[in-house]
Amino acid sequence: ARGGEAAVAAADLMAWLDSFPEGSVVYVCFGSQAVLPPAVAAALAEALERSAVPFVWVVNAGNSSVVPDGFEARVAGRGLVVRGWAPQVAALRHAAVGWFMTHCGWNSTLEAVAAGVPMLAWPMTGDQFFDARLLVDEARVAVRACAGGIGFVPDAGELASVLADATGEKGRNMRARAKELAAEAARAVKKGGRSYADLEGLVQEIRKLC
């Protein structure tokens, strides 16, 4: 999540992440607008618990009550629940974060691409389904975590397997591909790059209109 006052200080989150090996942590966030129904949140919590992977789960401040009772105590030491805003860009760029479970909103997608972090795609609504298809089928920097929308309740066991596979050897190639795409993106925005040139062209067109 971005903007507003962070519910956890960046320095505190970075310090927590420092205790984990490179690429081992899954960062889970569905943006500032998605409100998970209790059954969906319960399935996600069960999957995170069963997968045994380290994680940060950022929960919308108005949706924090859906975190199951006792969940945080059971995952203490390897799981962190953040209620409200989190320094997402900084978290994604931390070496310990290896995957991003996301709703595939375009801002979050760009932040993950720039950070070189592959994604676990869980689109919720609208154009997020098209973004997820682009990431999974075209860019090959994401795997499908859940194909349904915001009200679809995933099978916790299947979701736990997706999490475990992604952070294990099966996810190695996609993590490498995400790093390659990040390098391509960095070159594109530098002077002389494709994105730089496109933006410069747009500015020139606007000047002509003025």
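Scroll up for the structure.
All values derive from a computational prediction rather than experimental measurement.

Reading guide: rules and limits
- Residues numbered from 1 in each chain as written.
- Predicted model: local features only at pLDDT ≥ 70, side-chain atom pairs only at ≥ 80, totals over all residues.
- Heavy atoms only, no water.
- Salt bridge = Lys/Arg side-chain N within 4 Å of Asp/Glu carboxyl O.
- Helix = DSSP H or I, 4+ residues; strand = E, 2+ residues; numbered from the N terminus.
- Buried < 20%, exposed > 50% of the residue type's maximum accessible area, 1.4 Å probe, protein only.
- Pairing = 2+ DSSP bridges.
- Axes fitted to C-alpha atoms, helices over the stretch in contact; angles between N-to-C directions.
- Contact = heavy atoms within 4.5 Å.
- Arc of directions from axis to C-beta.
- Polar contact = N/O pair within 3.5 Å; in protein donor to acceptor, adjacent residues only side chain to side chain.
- Parallel < 35°, antiparallel > 145°, perpendicular 65-115°, else oblique.
- Left-handed = near helix turned anticlockwise from the far one by under 90°.

### What to know about the pattern of salt bridges
In the structure shown here, the tally under the stated rule is nine salt bridges. Two residues, Arg 74 and Glu 49, come together in a salt bridge whose shortest N-O distance is 2.9 Å. Linking Arg 74 in helix 3 (residues 71-74) with Glu 49 in helix 2 (residues 38-51), this pair joins segments that are 25 residues apart in sequence. Taking relative accessible area as the criterion, Arg 74 reaches 48% and is therefore assigned partly exposed. For Arg 177, the salt bridge goes to Glu 180, with nearest N and O atoms at 3.8 Å. Taken together, the positions of Arg 177 and Glu 180, both in helix 8 (residues 172-189) and three residues apart, correspond to about one turn of that helix. The class of Glu 180 is partly exposed, set by a relative accessible area of 45%. Through salt bridges with shared partners, a single network forms among Arg 177, Glu 180 and Glu 184.

### Section: the sheet that holds strand 1 (residues 25-29)
Consider a sheet: its strands pair through backbone hydrogen bonds, and that pairing is either parallel or antiparallel. Across the sheet, six strands lie side by side as 3-2-1-4-5-6; this open sheet has parallel pairing. The open sheet is flanked by strand 3 (79-83) and strand 6 (142-144), the only strands paired with a single partner. Taken over all neighbouring pairs, the strand axes of this sheet differ in orientation by 20° on average, direction set aside. Bridging between strand 5 (residues 119-121) and strand 6 involves three bridges; their strand directions are parallel. Across the sheet, Met 119 pairs through a bridge with Ala 142, a residue of strand 6. Relative to the sheet, helix 6 (residues 128-138) contacts strand 5 and strand 6, its axis offset from that of strand 6 by approximately 115°. This element, helix 7 (residues 156-167), spans strand 1, strand 4 (97-102), strand 5 and strand 6 of the sheet and lies at about 150° to strand 4.

### A short note on helix 6
Every buried residue of helix 6 is accounted for by Gln 128, Asp 131, Ala 132, Leu 135 and Val 136. Along helix 6, the residues classed as buried sweep out an arc of 120° about the axis, all on the same side. Exposed side chains of helix 6 directed beyond 90 degrees from the buried face belong to Phe 130 and Glu 138. Positive phi appears at Arg 140, one or two residues downstream of helix 6, with a value of about 60°.

### Quick notes on the side chain of Arg 177
With relative accessibility at 16%, the residue Arg 177 sits in the buried group. Polar contacts involving the side chain of Arg 177 include one to the main-chain carbonyl oxygen of Ala 139, which spans 3.1 Å. Separated by 3.4 Å, the side chains of Arg 177 and Glu 184 make a polar contact. Discounting chain neighbours no more than four positions away, the residues touching Arg 177 are Ala 139, Arg 140, Val 141 and Glu 184.

### Thoughts on the packing of helix 2 against helix 7
Packing of helix 2 against helix 7 leaves a shortest axis separation of 8 Å and a crossing angle of 50°. Classed by the angle they form, the pair helix 2 and helix 7 counts as oblique. In this structure, helix 2 meets helix 7 at a crossing whose hand is right-handed. From helix 2, Ala 43, Leu 44, Glu 46, Ala 47, Leu 48, Arg 50 and Ser 51 reach across to helix 7, where they touch Ala 156, Gly 157, Leu 159, Ala 160, Leu 163 and Ala 164.

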